[in-house]
Structure formats: structure tokens, C-alpha cells
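One-letter residues, chain by chain:
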Amino acid sequence: MRVLAIAMGFLAIITAGMAAPTKPLPEEQIERGRTDFMENCAVCHGASGVGDGPLSNFLTVPVPNVTQLSTLNQGVFPAKKVRWIIDGRADVIAHGPRDMPVWGNEFRLEAGKGDLPALKPNDRDIENRIEDLVVYLMSVQAAP
């Protein structure tokens, strides 16, 4: 009996990392993220996120289709990587020089917190905006 309980616990731990989240995403957070996306990201990524925004033809590299991020990552949304691309911690190497604005920095400027390359630990409002964008992007992933 004890061996069965341990085996079931181990199986639960293994499958937890593979399973898609079953908890619905918060609608208010999705809406806040959608608003920021439309105001800041759609100009390049397009209103539907497929990379066809009005400025996309003027860039030197193709604009990513952000509705395919999970598909391109074996069905798992790469939340940490997306967050780091948005806030500026990760460069998009294929782009060469960073063409995409560092939104963490832009949000800091909007909030009157100065021009810094990285978020400070007390920038919770800015972190929340970025998290809202990440949740919105999770919500627009195309079905595999």
C-alpha cells in the first residue's frame, strides 16, 4: 500500500509538469494585457498577433507570430522566456541588434521611474503589466 502511494505521488509529480494548465486564465488580467498589447505590440505583431502589424513591412526581420509560441515549444507556453523578452532581460539573438522595444523600460518611463535597463524589485506595478501581457499571450495561443 505504501509503495503504491509513493508511486502515485511520483507519477503525479512527473505528469504535473507535462499537463497543460486546467485553471482558466483570469479574464480581467487578459483584458488588461490585451489593452497593453493593442497599444504597444500590435503595431508590429498585428491585432491578431500573427506578425502582420502596420510596421512589420519596415523591419529588417520577420515579426514573430505570437499565437504560435506554444506550438513552437512542444505545446508548452514559454512564459519565462516571453516575460524576459518583453522586459528586456533576454535578447532575441536572431534579430541581431534588439529591434523590439524593451517594454519593461518603456513602462518604467511611463510610470515616471526613470530610464533603467532592468526592473527593480519594487517595480511591482510594471511587473504586473508585463505579467498581464504574458497572460494575454497565453490566451491567444492557437490550438495545436
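To be clear, the structure that these remarks concern was listed above.
Presented here is a report on the structure given in the accompanying data block.

Quick word on the side chain of S70
Moving on, step 1. Relative to the helices and strands, S70 resides in the loop between α2 (27-45) and α3 (79-87).
Moving on, step 2. The exposure class assigned to S70 is buried, which follows from its relative accessible area of 11%.
Moving on, step 3. Leave out the neighbours within four places in its chain, and S70 touches G75, V76, F77, P78 and Q141.

Things to note about the packing of α3 against helix α5 (residues 124-139)
Relative orientation and spacing of two packed helices are given, respectively, by the angle between their axes and the distance between those axes.
Moving on, step 1. The geometry of α3 relative to α5 is characterised by a closest axis approach of 10 Å and an angle of 130° between their N-to-C directions. What the angle tells us is that α3 and α5 run oblique. Of the two possible hands of crossing, α3 and α5 adopt the one that is right-handed. Of the residues in α5, those in contact with A79, V82, R83, I86 and D87 of α3 are I130, E131, L133, V134, L137 and M138.

Some words on α2
Moving on, step 1. With 19 residues, α2 should reach 27 Å at 1.5 Å per residue; the first-to-last C-alpha distance of 22 Å falls well below that figure.
Moving on, step 2. Its maximal kink placed at E39, α2 deviates by approximately 50°.
Moving on, step 3. Of all the positions in α2, only Q29, I30, G33, D36, F37, N40, C41, A42, C44 and H45 are classed as buried.

The rules behind each value
- Residues numbered from 1 in each chain as written.
- Predicted model: local features only at pLDDT ≥ 70, side-chain atom pairs only at ≥ 80, totals over all residues.
- Heavy atoms only, no water.
- Helix = DSSP H or I, 4+ residues; strand = E, 2+ residues; numbered from the N terminus.
- Buried < 20%, exposed > 50% of the residue type's maximum accessible area, 1.4 Å probe, protein only.
- Contact = heavy atoms within 4.5 Å.
- Axes fitted to C-alpha atoms, helices over the stretch in contact; angles between N-to-C directions.
- Parallel < 35°, antiparallel > 145°, perpendicular 65-115°, else oblique.
- Left-handed = near helix turned anticlockwise from the far one by under 90°.
- Expected span 1.5 Å × (residues − 1).
- Bend = angle between axes of the 7 residues up to and from the residue.

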